[in-house]
Amino acid sequence: MYPLILQLMGLAATLWIAYLAQPGSSLFSWHPTLMALAFFVIMPNGVFAYSRSHPFYFRLPRNTKNLIHLLSEGFAVSAALVALVIMITNKDRNNAPHFTTRHGLFGIITCAVMVGASMGGFFALNTRLVKAFIPPLAMRSYHAFFGGSALYPLAMTTMVLATYSSWMVAVLPVDYMRYMIAAVAGILGVAVFVQTARRSQQK
């Protein structure tokens, strides 16, 4: 049951961020909205598809879980990359420097690791393409490490740093509201890390 509760927490945080950003009101407004949607909602759904504690997914056959994971992570990566392009474009339009804050630096590192994890996922799904160089089990372990043990904690660190961005401080002048969003990021980060570690042990 706890994965569903965590997913609802992530959804609540995403809806709150979307309410603050008002997507469509400006080009920038899509950046926090899509990033929250990608990392608070869609990506955890792909990870928790394998959870034995999830009330909806635990009885599903493995192939269905794999499909849920593939589609979820694919949509999450797409949303995050679109959000990244939007931020770069918005900075260019305003003649602002790129990746000068800790949030920005962690963000671009997160996106780079995300692309690496996605490639690992592709090859883990198609091990025949790399089995001459990397054993299938090692490929799956690589994907699990970069996907859950490296990518998601990085992403949640980026989300926590986002709560100290000038935009977040401006729209949420009350500190405890920012702390609540940061807490959701921290809790999700730990939960996904633990789920990934458990799944790696089951292989």
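Conventions we followed
- Residues numbered from 1 in each chain as written.
- Predicted model: local features only at pLDDT ≥ 70, side-chain atom pairs only at ≥ 80, totals over all residues.
- Heavy atoms only, no water.
- Helix = DSSP H or I, 4+ residues; strand = E, 2+ residues; numbered from the N terminus.
- Rg over C-alpha atoms; globule rule 2.2 N^0.38 Å.
- Buried < 20%, exposed > 50% of the residue type's maximum accessible area, 1.4 Å probe, protein only.
- Contact = heavy atoms within 4.5 Å.
- Core = buried A, V, L, I, M, F, W, Y, C linked by side-chain atoms within 4.5 Å.
- Expected span 1.5 Å × (residues − 1).
- Phe/Tyr/Trp six-rings, centres within 6.5 Å; stacked < 30°, edge-to-face > 60°.
- Lys NZ or Arg CZ within 6 Å of the ring centre and 35° of its normal.

> I'm lost on the overall build of the protein chain in this one. Help?
Looking only at helices and strands, the protein chain features seven helices and zero strands. Secondary structure elements in the protein chain, listed N-terminal to C-terminal, are α-α-α-α-α-α-α. Rg of the C-alpha trace for the protein chain: 17 Å, near the compact-globule value of 17 Å for 203 residues, within the 12% margin. Each principal axis of the C-alpha distribution contributes one length, and for the protein chain these read about 50 × 35 × 25 Å. Among the 203 residues that make up the protein chain, the fraction classed as buried is 44%. Of the contacts formed within the protein chain by residues at least 6 apart in sequence, a portion of 69% connects residues at least 24 apart.

> Got a minute to help me understand the nonpolar core in this structure?
Taken as a class, soluble globular proteins show a tendency for nonpolar side chains to be buried jointly. Within the largest apolar cluster, 40 residues are counted, with the highest numbers of intra-cluster contacts made by Met35, Phe39, Phe40, Met43, Met114, Met156 and Leu188. When contributions to this core are tallied by element, the ones reaching two or more residues are helix H1 (2-21), helix H2 (30-48), helix H3 (62-93), helix H4 (102-125), helix H5 (136-162) and helix H7 (175-202). The element contributing the most residues to this core is H2, with ten residues.

> Sorry, what's going on with H3 here?
Three or four residues apart is the spacing at which side chains of an α-helix point the same way, because the helix has 3.6 residues per turn. Look at H3: 46 Å from first C-alpha to last across 32 residues, which is about the 46 Å you get at 1.5 Å a residue. A positive phi of about 50° marks Asn95, the residue just after H3.

> Can you walk me through the packing of aromatic side chains in this structure?
Geometry of an aromatic ring pair is reported as the spacing of the ring centres plus the angle between the planes. By the definition in use, this model includes three aromatic pairs. Measuring from ring centre to ring centre gives 5.7 Å for Phe28 and Trp167, while their planes differ by 65°; the resulting arrangement is edge-to-face. Placement of Phe28 in the loop between H1 and H2 and of Trp167 in helix H6 (residues 166-171) is noted, with a sequence separation of 139 residues between them. Pairing Phe122 with Phe123 gives two aromatic rings, centres 5.3 Å apart and planes at 70°, and the pair type is edge-to-face. Directly above the ring of Tyr164 sits Arg178, whose terminal nitrogen or CZ lies 5.3 Å from the centroid.

Any link to function would need more than the numbers given here.
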